[in-house]
Amino acid sequence: MKGTGVALVTPFHADYSIDFDSLAKIIEHCISGGLEYLVVLGTTGEGPTLNKDEKKQIFKFVSEKVNGRVPLVAGIGGNDTREVDDSMQSFDASGYSAILSVSPYYNKPNQEGIYLHYMELAKVSPLPIIIYNVPGRTGAGISAATTLRLAKASDKFIAVKEASRSPEVFMDILKDKPVNFSVISGDDNLTLPFLAMGMTGVISVIAQAYPRMFSDMVRLGLDGKFEEARILHFKLYEVMKMIFADGSPGGVKVLLNQLGLCQNVVRLPLSPVNKDVEAKLRGFILS
């Protein structure tokens, strides 16, 4: 999981049914734009609003459409350990390389509970696991010590997607992690400085709209060419912030709609971004 992965949106028709034709277009846009891998049904994919049958349809559709051209990561997580266990055991892993599993949300478990949750998943997961720490959404962050404990406890854990926005957490993990354990950025606008610390890449939202420019920036950063990478970073910097100004994935869906890739539709309880943010996004021009 090195370079740029993208957290795919789930496109919808105006009646909120899944728009598989648009999903196919977005997949081709991402692959032709040079992205290294795709993440299916991460946070950006609006998984909590999809039922089990819809999730199975999307997992299968993406696997068949990609057909081995790039690695795929499946988002499977939740706040009921037994239910996540069941989902992993019933998952058809054909075409997939890893599972991205978010830390339990809403329950606010302590660090021991988080550790035990992931260790249970390690027993049943058919694929390697990427731990996902996003305390702004879950309400309970994974400490660096817990991430390192998991990384050293089982080879099933291959990486962490770190979206705590805390440089100290990142550095504590990077300093003491096992050699084969990767640290992946979960924040688009912080990716470049985090690459300088030793992260191996990013699971991005903005790269879905601008795959070539963003993935080029990441590759330059990984190669230590920070002067060149900085130029691309600042070209995208304002829009990287803008897409999260009034909720995600509403922001990036405006850009994808502007590019003719999907409709600007999200499922409740999400709603489209407000008119001011939409106007700014539609007025954004890359030079």
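Heads up: the structure comes first, above all this text.
Values in this document were obtained by computation on a predicted structure and should not be read as measured data. (Residues numbered from 1 in each chain as written. Predicted model: local features only at pLDDT ≥ 70, side-chain atom pairs only at ≥ 80, totals over all residues. Heavy atoms only, no water.)

A. Quick peek at the overall build of the protein chain. Each helix and strand in the protein chain was counted, giving 12 helices and eight strands. Taking 287 residues into account, the globule formula puts the C-alpha radius of gyration at 19 Å, and the protein chain, at 18 Å, falls close to it. Oriented by its inertia axes, the alpha-carbon framework of the protein chain measures out at about 50 × 45 × 35 Å. Summed over its atoms, the accessible surface of the protein chain is roughly 12,500 Å², and 51% of this surface lies on carbon and sulfur atoms. Positive and negative side-chain charges of the protein chain, numbering 30 and 31 respectively, have mean locations separated by a distance of 1 Å. (Helix = DSSP H or I, 4+ residues; strand = E, 2+ residues; numbered from the N terminus. Rg over C-alpha atoms; globule rule 2.2 N^0.38 Å. Areas by Shrake-Rupley, 256 points an atom, 1.4 Å probe, with all protein chains shown as cover. Lys, Arg positive; Asp, Glu negative; His and termini not counted. Charge placed at Lys NZ, Arg CZ, Asp CG, Glu CD.)

B. Looking closely at the packing of helix α11 (residues 250-258) against helix α12 (residues 275-282). Closest axis-to-axis distance for the α11/α12 pair is 9 Å, and the angle between their directions is 45 degrees. When the axes of α11 and α12 are compared, the pair comes out oblique. Handedness of the crossing formed by α11 with α12: right-handed. Residues Gly251, Val254, Leu255, Asn257 and Gln258 of α11 touch α12, and the partners they reach there are Glu278, Leu281 and Arg282. In terms of residue class, the contact of α11 with α12 is made up of three nonpolar, three polar and two charged. (Axes fitted to C-alpha atoms, helices over the stretch in contact; angles between N-to-C directions. Parallel < 35°, antiparallel > 145°, perpendicular 65-115°, else oblique. Left-handed = near helix turned anticlockwise from the far one by under 90°. Contact = heavy atoms within 4.5 Å. Nonpolar A, V, L, I, M, F, W, Y, C, P; charged D, E, K, R; others polar.)

C. Inspection of helix α2 (residues 52-66) at higher detail. With 15 residues, α2 should reach 21 Å at 1.5 Å per residue; the first-to-last C-alpha distance of 21 Å fits that figure. Listed as buried for α2 are Glu54, Ile58, Phe59, Val62, Ser63 and Val66. Within α2, the buried residues cover an arc of 160 degrees as seen down the axis, which keeps them to one side. In α2, the exposed residues that point more than 90 degrees away from the buried face are Asp53, Lys56, Lys60 and Glu64. Buried-residue contacts for α2 involve α1 (20-32), β2 (37-40) and β3 (72-75). At the N-terminal boundary of α2, the capping side chain belongs to asparagine 51, with an oxygen 3.1 Å from the backbone nitrogen of aspartate 53. Of the residues trailing α2, asparagine 67 is marked for its positive phi of about 55 degrees. (Expected span 1.5 Å × (residues − 1). Buried < 20%, exposed > 50% of the residue type's maximum accessible area, 1.4 Å probe, protein only. Arc of directions from axis to C-beta. Polar contact = N/O pair within 3.5 Å; in protein donor to acceptor, adjacent residues only side chain to side chain.)

D. Just the sheet that holds strand β7 (residues 182-185), in detail. Overall, parallel pairing links the eight strands, which are arranged β1-β2-β3-β4-β5-β6-β7-β8 in a closed barrel. Taking the axes of each pair of neighbouring strands and ignoring which way they run, one obtains an average angle of 25 degrees across the sheet. The sheet contact formed by β2 and β3 spans three bridges and is parallel. Across the sheet, residue valine 39 finds its bridge partner in β3, namely valine 73. Strands in contact with helix α9 (residues 211-222) are β1 (3-7) and β8 (201-204); relative to β1, the strand with the most contacts, it is inclined by about 145 degrees. (Pairing = 2+ DSSP bridges.)

E. Representation of the pattern of salt bridges. Applying the stated criterion across every chain yields a total of 13 salt bridges. Close ionic contact of arginine 219 with glutamate 36 constitutes a salt bridge, the shortest N to O distance being 2.6 Å. Taken as a pair, arginine 219 in helix α9 and glutamate 36 in the loop between α1 and β2 lie far apart in primary sequence, 183 residues in all. Put simply, Glu36, Asp216 and Arg219 are held in one network by salt bridges that share partners. (Salt bridge = Lys/Arg side-chain N within 4 Å of Asp/Glu carboxyl O.)

F. Highlighting the side chain of serine 248. Looking at the secondary structure, you find serine 248 in the loop between α10 (226-242) and α11. With residues up to four places along the chain from it excluded, the contact list for serine 248 reads Arg137 and Leu270.

G. The arrangement of the state of the cysteines in detail. Applying the stated rule across the entire model yields zero disulfides. Looking at cysteine 30, it has no disulfide partner, and the nearest cysteine sulfur is the one in cysteine 262, 11 Å off. Relative accessible area serves as the criterion here: at 0%, cysteine 30 is assigned to the buried category. Since its relative accessible area comes to 6%, cysteine 262 is described here as buried. (Disulfide = S-S within 2.5 Å.)

Read these as spatial facts, not as claims about activity.
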